[in-house]
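Architecture at a glance
As a plain string of letters, each chain reads:
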Amino acid sequence: MLLLALLAPAPTAAQPAVTPLDHLPALRGDYFPIQSEATGRPYHIYVRLPDGYDPASERLYPTVYLLDGDSLFPILAANHLFLTYDDRTPEAIVVGIAYGGFSPEINRRNIDFQTPGAGVTAEAAGAAAFQRFLRTELIPRIEAGYRSDPARRVLFGQSRGGAMVLYSAITDPDLFWGRIASNPSITPGIESLLEPAAGGRREDLSLIVTSGTLDRPDLQEEAALWLSTWEARPDRPWSLHGVRIEGGTHAANAPDAYRRGLRILFGAPPSP
């Protein structure tokens, strides 16, 4: 027994817990779960912090909130670093709002992003509750815990997430400074997206709607109808930019929509 004790390896100091993202510098930041009172569901929140981020600094950063963070956060948050290199896009905090999986039992985007309209039950239309989650729970936590600029919040959504972006722009214009709706899928629920917008106090708000030329024809037609309707309304509370992405498909060109939208928001000329 004495011999075995001598041969046993010496105990080592406990190693600090790490997550895989700690070894991916373009995605380095933070993570926390949050249980929403507004929707009654949990979410996984990923936070990508800018290169050189210093929590003790006085500097504030634009903050981009990504819907469908399960898929879009690892793509767009990492790509943001390259946009700062090539497009001189300002560094930003990027927040991914994720469900933790794609199975319908976990991922309830079909409810959270569903806008009210004909044929949509009150239980199925969860956009209002999800927006309360953003306004009263998630955004206050991000702005209390990180160097996030309340004046430059950006919301990005794809497909049904794009419909949620439009709903937010109409019902609570001042909540986000900039919004990007990529290939929005707005039926059912289009009726609430054509209603008059709530009043906004700010005069610097922008909404970008992108549509891929290879997206489904019905979705392209819906986006064109929505844009033409709102372009004719002089009382809209935001500047409106329709962007066509040549060769863009429904989902694979989300990085192009993100890039084009940010270039408009931060003053760079649109990409050719």
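The coordinates are above.
Structure report, in brief.

The rules behind these values
Residues numbered from 1 in each chain as written. Predicted model: local features only at pLDDT ≥ 70, side-chain atom pairs only at ≥ 80, totals over all residues. Heavy atoms only, no water. Helix = DSSP H or I, 4+ residues; strand = E, 2+ residues; numbered from the N terminus. Polar contact = N/O pair within 3.5 Å; in protein donor to acceptor, adjacent residues only side chain to side chain. Pairing = 2+ DSSP bridges. Axes fitted to C-alpha atoms, helices over the stretch in contact; angles between N-to-C directions. Contact = heavy atoms within 4.5 Å. Buried < 20%, exposed > 50% of the residue type's maximum accessible area, 1.4 Å probe, protein only.

This brings us to the side chain of Arg263. Inspection of the secondary structure puts Arg263 in helix 7 (residues 254–265). At a separation of 3.1 Å, a polar atom in the side chain of Arg263 contacts the side chain of Asp87.

Moving on, we get to the sheet that holds strand 1 (residues 29–35). Ordered by their spatial adjacency, 8 strands build an open sheet running 1-2-4-3-5-6-7-8, and the pairing between neighbours is mixed. With one partner strand each, in any of the chains shown, strand 1 and strand 8 (239–245) form the two edges of the open sheet. Across this sheet, the average inter-strand angle for adjacent strands is 20°, counted without regard to direction. By the bridge criterion, 7 bridges tie strand 7 (residues 206–212) to strand 8 in an arrangement that is parallel. Pairing of Thr210 across the sheet is with Val243, part of strand 8. Running over the sheet, helix 4 (residues 127–145) touches strand 1, strand 2 (42–48), strand 3 (61–66), strand 4 (93–98) and strand 5 (148–158) and is turned about 140° from strand 1.

Before going further, it helps to examine the pairing of strand 3. Along any regular strand the residues' side chains alternate between the sheet's two faces. Most of strand 3 sits out of view: 6 of its 6 residues are buried. Pairing of strand 3 with strand 5, which is carried by 5 bridges, proceeds in the parallel orientation. Residue pairing in the sheet places Tyr61 in a bridge with Ser148 of strand 5. As paired strands, strand 3 and strand 4 are joined by 4 bridges and run parallel to one another. Following the sheet pairing, Val64 is matched in strand 4 by Val94.

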